[in-house]
Amino acid sequence: MKDIANRFEGNPLLKPADLQPSGDGLEIACLLNPGVFQFQNKTWLIVRVAERPKQKEGLISFPILRSGNIQIIEIPLHDPELNASDARVINYKGNDYLTTLSHLRLLCSDDHIHFYEPAGYPLLQGDGPLQSFGVEDCRVSFLENKYYLTFTAVSENGVGVGLKTTVDWKSFESHGMMLPPHNKDCALFGEKINGFYYALHRPSSVDIGGNYIWTAKSPDGIHWGDHRCIIKTRKGHWDDTRVGAGAAPIKTENGWLEIYHGANQQHQYCLGAFLSDLNDPAKLLARTEDPIMVPSAPYELSGFFGNVVFTNGHIVDPDGDTLNLYYGASDEFVCGARFSLKEICSLLKPCHD
Ligand code: MAN
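In this text the structure is predicted, and so the values were computed from the model without any measurement.

**Structural notes on the pattern of salt bridges**
So, point 1. Scanning the model with the defined rule gives 18 salt bridges in all.
So, point 2. The partner of Glu 117 in a salt bridge is Arg 105, with the nearest N and O atoms 3.3 Å apart. Here Glu 117, found in the loop between β9 (101-109) and β10 (134-143), pairs with Arg 105, found in strand β9; they are twelve residues apart in sequence, far enough to count as distant.
So, point 3. Classification of Arg 105 by relative accessible area gives buried; the value is 5%.
So, point 4. Where salt bridges share partners, they join Asp 3, Arg 7 and Glu 300 into one cluster.

**Let's talk about the sheet that holds strand β23 (residues 309-316)**
So, point 1. Strand order in the open sheet formed by four strands is β1-β25-β24-β23, with antiparallel pairing between adjacent strands. Edge positions in the open sheet fall to β1 (6-7) and β23, since each of these has one partner strand only.
So, point 2. Of the pairings in the sheet, the one linking β23 to strand β24 (residues 322-329) comprises seven bridges and is antiparallel in character. Paired with Val 309 across the strands is Ala 329, a residue of β24.

**Brief notes about the state of the cysteines**
So, point 1. Tallying each qualifying case throughout the model produces zero disulfides.
So, point 2. In this model Cys 108 remains outside any disulfide bridge; the closest cysteine sulfur is found in Cys 138, 16 Å from its own.
So, point 3. With no disulfide of its own, Cys 186 lies closest to Cys 138 among cysteine sulfurs, the gap being 10 Å.

**Quick notes on the site of the ligand**
So, point 1. By nearness alone, every residue bordering the ligand is listed as Arg 48, Arg 88, Val 89, Leu 98, Glu 136, Thr 152, Val 154, Val 159 and Lys 184.
So, point 2. Between the ligand and Arg 48, the relevant distance is 3.1 Å, taken from an oxygen atom to a side-chain nitrogen or oxygen of the residue.
So, point 3. Interatomic distance of 2.7 Å between a side-chain N/O atom of Glu 136 and an oxygen atom of the ligand.
So, point 4. For the ligand, the accessible surface in isolation is 310 Å², of which the surrounding protein chains cover 80%.
So, point 5. When atom positions are compared with the pocket grids, the ligand is found to occupy the largest pocket.
So, point 6. Among the residues forming the shell around the ligand, the class breakdown is four nonpolar, one polar and four charged.

Cut-offs and rules
- Residues numbered from 1 in each chain as written.
- Predicted model: local features only at pLDDT ≥ 70, side-chain atom pairs only at ≥ 80, totals over all residues.
- Heavy atoms only, no water.
- Salt bridge = Lys/Arg side-chain N within 4 Å of Asp/Glu carboxyl O.
- Helix = DSSP H or I, 4+ residues; strand = E, 2+ residues; numbered from the N terminus.
- Buried < 20%, exposed > 50% of the residue type's maximum accessible area, 1.4 Å probe, protein only.
- Pairing = 2+ DSSP bridges.
- Disulfide = S-S within 2.5 Å.
- Near = heavy atom within 4 Å.
- Polar contact = N/O pair within 3.5 Å; in protein donor to acceptor, adjacent residues only side chain to side chain.
- Areas by Shrake-Rupley, 256 points an atom, 1.4 Å probe, with all protein chains shown as cover.
- 1 Å grid on protein atoms, 1.4 Å probe; cavity = no way out; pocket = protein on both sides within 12 Å on 5 of 7 lines; lining within 4 Å.
- Sits in = over half its atoms within 2 Å of the grid points.
- Nonpolar A, V, L, I, M, F, W, Y, C, P; charged D, E, K, R; others polar.

See below:
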């Protein structure tokens, strides 16, 4: 299937070997799914860095956090109680673990393309018992003079949404778990609407229901309610198994435009778009039928977990039309692609339910 993405010539922009591991004995397995923001006239990425110990013959080993320290778990590969069929998660003796531990790292750029780690900014490691398996896929929204960071917080207790705020990217205020398990893919709208904060999020229902996109509303950006389901998976489509929001929606004259990811049963992750009402973001107006981006470049087809394009960050150029979208390819590389917002909007089909 042909898509409408103009991939950056320099892709992949970042690969695991480009950064130093956070500690001795660790290697970076993946750099992926960056949040994107502007700060001090630069473009910044908050990149998910997924690490593990150097793997030894016959063993699978992975780190977890215990009281702020990294503990390594090692399991023989031939152990009959080990299920390691997915590169991302394993099950051992009935318990689920991640094969890597992710933290978040700040990089910046003067040209949108070449990114480097500036001195003096902290890396964000999981903190406390609700983040012992790491922090992932951070969305950044700027509103009311603050940056809001919404990220996936993973532990043996489940996968939920963590919230932090900052004004200077050097000190952070933690607001704990904003939405409890199972929930991820949460992005705050970049402005208040009728006096309320709004967010997109993705709770998962294991029985009735599924992996759908919801809106939530808040009087203060911290406490959330009025949850409404707005986007469901579509049987037989590219997004028939799971859908999840990307970054903060883009305000257009016709509504809030959101770039989202959808996956099918074969775990192919593509991108699509939807539009919701400017005054009531829980009211869906239109959605694309076909994906606007499909894994097709070699770095999107094979890597740590191939056949994946996944986004949670972008910047719109001052022309109001060029969307610079950053994305994780194959769960291993950070890449970029340009889109025309007009072209995306021309593919939206009205929704009537
Ligand atoms: C899924 C994937 C992984 C991620 C876990 C926990 O399995 O998205 O990359 O680490 O969920 O969020």
